[in-house]
Amino acid sequence: MSTTISMAKATDTTNTNNDNRNDDDVEKHASAGVSRASYGDIFRAFILMGWTAFGGPAAHIGIFQKVFVDGKKWISSTIFAELLSLGQCMPGPTSTQVSFALGVTQRGVLGGLLSGGLFQYPGLILMTLAGAGAAEALTNPSSFLKGLVSGLSVAGVALVVDAAVNLSNGQCNKNNMTRLLGLTSACFAYYYKTAWLFPLLIVFGGLVSYFFGADKDIAERNEQDDEVASYGATKIVGGFLILSWAIVLVLMVTVASQTNYYSNQYSHWFAAFFRTGSIIFGGGQVVLPLLLDDVVSYDSSQPDNIATNSWVTEDQFFAGLALVQASPGPMFNFAAYLGAVMAQRAGKSVVAGALTCWTGLFAPGVTLIFGVLPFWGYIRTFQAYQKMLPGLNASAVGLVVAAAVQMFLKVRENSPFPKFAVVIGMLTLFGTRYVKMPNPKLVVLQAPLVVAFGGLLGILAWATGCD
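These remarks concern the structure in this document. Each chain has its residues counted from 1, running along the sequence as written. Local features are withheld for residues below a pLDDT of 70 in this predicted model, meaning they are given only at 70 or higher, and side-chain atom pairs are given and counted only at 80 or more; totals for whole chains, interfaces and linings count all residues. Hydrogens and water molecules were not included; the side-chain quantities draw on all heavy atoms of the structure.

Some details on unusual backbone geometry
Moving on, step 1. A positive phi angle, near 60°, is found at Lys 73, a position not held by glycine.
Moving on, step 2. Secondary structure elements follow DSSP: runs of H or I no shorter than four residues count as helices, runs of E no shorter than two count as strands, and numbering proceeds from the N terminus. Looking at the element boundaries, Lys 73 is found in the loop between helix H6 (57-71) and helix H7 (77-88).
Moving on, step 3. The class of Lys 73 is partly exposed, set by a relative accessible area of 40%. The cut-offs for exposure are 20% and 50% of the maximum accessible area for each residue type, with area from a 1.4 Å probe on protein chains only; residues under the lower value are buried, those over the upper are exposed, and the others partly exposed.

Points about the side chain of Ser 209
Moving on, step 1. Within the element layout of this structure, Ser 209 appears in helix H11 (residues 197-212).
Moving on, step 2. On the basis of relative accessible area, Ser 209 is assigned to the buried category, the value being 0%.
Moving on, step 3. Polar contact is the term for a pair of N or O atoms within 3.5 Å; when the atoms are in protein, one must be able to donate a hydrogen and the other to accept it, and sequence-neighboring residues count only if both atoms are side-chain atoms. For Ser 209, the side chain forms a polar contact with the main-chain oxygen of Lys 387, separated by 2.6 Å.

A look at the packing of aromatic side chains
Moving on, step 1. Note on ring pairs: Phe, Tyr and Trp rings are taken, using the six-membered ring of Trp, and paired if centres are within 6.5 Å. Classes follow the plane angle, with under 30 degrees stacked, over 60 edge-to-face and the rest tilted. Summed over all chains, the structure comprises 21 aromatic pairs.
Moving on, step 2. Judged by centre distance (5.1 Å) and plane angle (70°), the ring pair of Tyr 261 and Tyr 262 falls under edge-to-face.
Moving on, step 3. We classify Tyr 261 as buried; its relative accessible area is 17%.
Moving on, step 4. On the accessibility criterion, Tyr 262 (56% relative accessible area) is exposed.
Moving on, step 5. Here a set of aromatic residues connected by ring pairs shows up, and it is made of Phe 46, Phe 64, Phe 68, Trp 74 and Phe 119.
Moving on, step 6. Criterion for a charge above a ring: Lys NZ or Arg CZ within 6 Å of the ring centre, and within 35 degrees of the ring normal. Between the NZ or CZ atom of Lys 387 and the centre of the ring of Tyr 210, over which it lies, the distance is 5.9 Å.

Structural notes on the nonpolar core
Moving on, step 1. Put simply, a nonpolar core is a bunch of buried Ala, Val, Leu, Ile, Met, Phe, Trp, Tyr and Cys residues held in one set by side-chain atoms that sit within 4.5 Å of each other. In this structure, Phe 46, Phe 64, Phe 68 and Trp 376 are the most contacted members of the largest nonpolar core, which totals 85 residues.
Moving on, step 2. Sort the elements by how many residues they give to this core and helix H19 (residues 383-414) lands first, with 13 residues.
Moving on, step 3. Apart from the residues within four sequence positions on either side, Phe 46 is in contact with Phe 64, Phe 68, Trp 74, Ser 99, Leu 102, Ser 115, Leu 118 and Phe 119.
Moving on, step 4. Within the second largest apolar cluster, 33 residues are counted, among which are Ile 280, Ala 335, Tyr 337 and Met 342. Every residue pair with non-hydrogen atoms within 4.5 Å of one another is taken to be in contact.

None of this, on its own, says anything about what the molecule does.
Take a look at the structure:
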């Protein structure tokens, strides 16, 4: 991430030449039914979103789709689906990568840093504070907190379902081939929980579309080619970012294996989280088993089976896991909580520990999205890519559909009131899908209001003893 930030100023001055998007191009951008946002627009859209983005990565995609595609019309549904496919095919947190990419498409590298940074910071603050002061208390949450968390989680699922329906209508409903690819992707992603399957399904969809798709898809795609106002850095800088990620990965693996842990604790923590962030496909749920192996060490000779040199205890790990799923923002913010707890146990600075682990886990995915976007802007002009695009997008949407089903079943199972959880789901889905804001400028508030409504219903269910 630090590499990305250091290149921001240099790449911002080259955006004009790289994008070739001057006044005439902006006019084309607007004529395509989308509008280019200013830095102020990006700031106003994201400053509060990170505080209200409950429900996990799939819910975040739903929020982005409702706010920036349906509401503000910064990009088209086709471009949004492309960004989603791109994130699914790279290691790192998909919703985080999309949050950075949204800003990049509007105002280049600085726009991406602004949008992504504003989306991440609330979770960083909350999880750092939780790791510093609430790790022990969270092991036995109150029934009130369980009710609130259940309501918030169900509302987040409603946003995912709404996004799945909208994206399916736009990307899977073009012909029988895209319908079948979306269905196939959803079924396999639901049944098999293997992380590598996500990019494989998307590539499979692209190949099917390439060999069996209709040529008319290319003509339709070319009509929308001016919808992206900026791809961020130049291809040279993008290549440097990708190379720097690979170099840092090798260096971190070397540091972890060749240095003493107790004299280089920060380096070992960063190396562990950077390595994990570099090999994860599929987002937050997939990263959890790897993190558990990294930070918890077992010793059967100890009373609690936890080794004395374990970075955190198992109870602390799962308490933080429960909190991050009930907190706004990406699940990767779990790294800040773990870093704070680890630093406390090691007698180090809590803030430094949280930032070390948080940066380590996020840096690979963020660096790669800034590095890959310039090449995506180049590749998407190829006819082969254009012919593969309907299948790529349909398969990516199938992953969202599978996530919606998985999340609903899990939230209902974990809820203290399973039957009323379904009622909350129906009410919040109605709120996000059919209730219209009185002023189009207020559309950014709809998702947070729906989430807050879900939380209130959860408290109501707790207070009245619903089942």
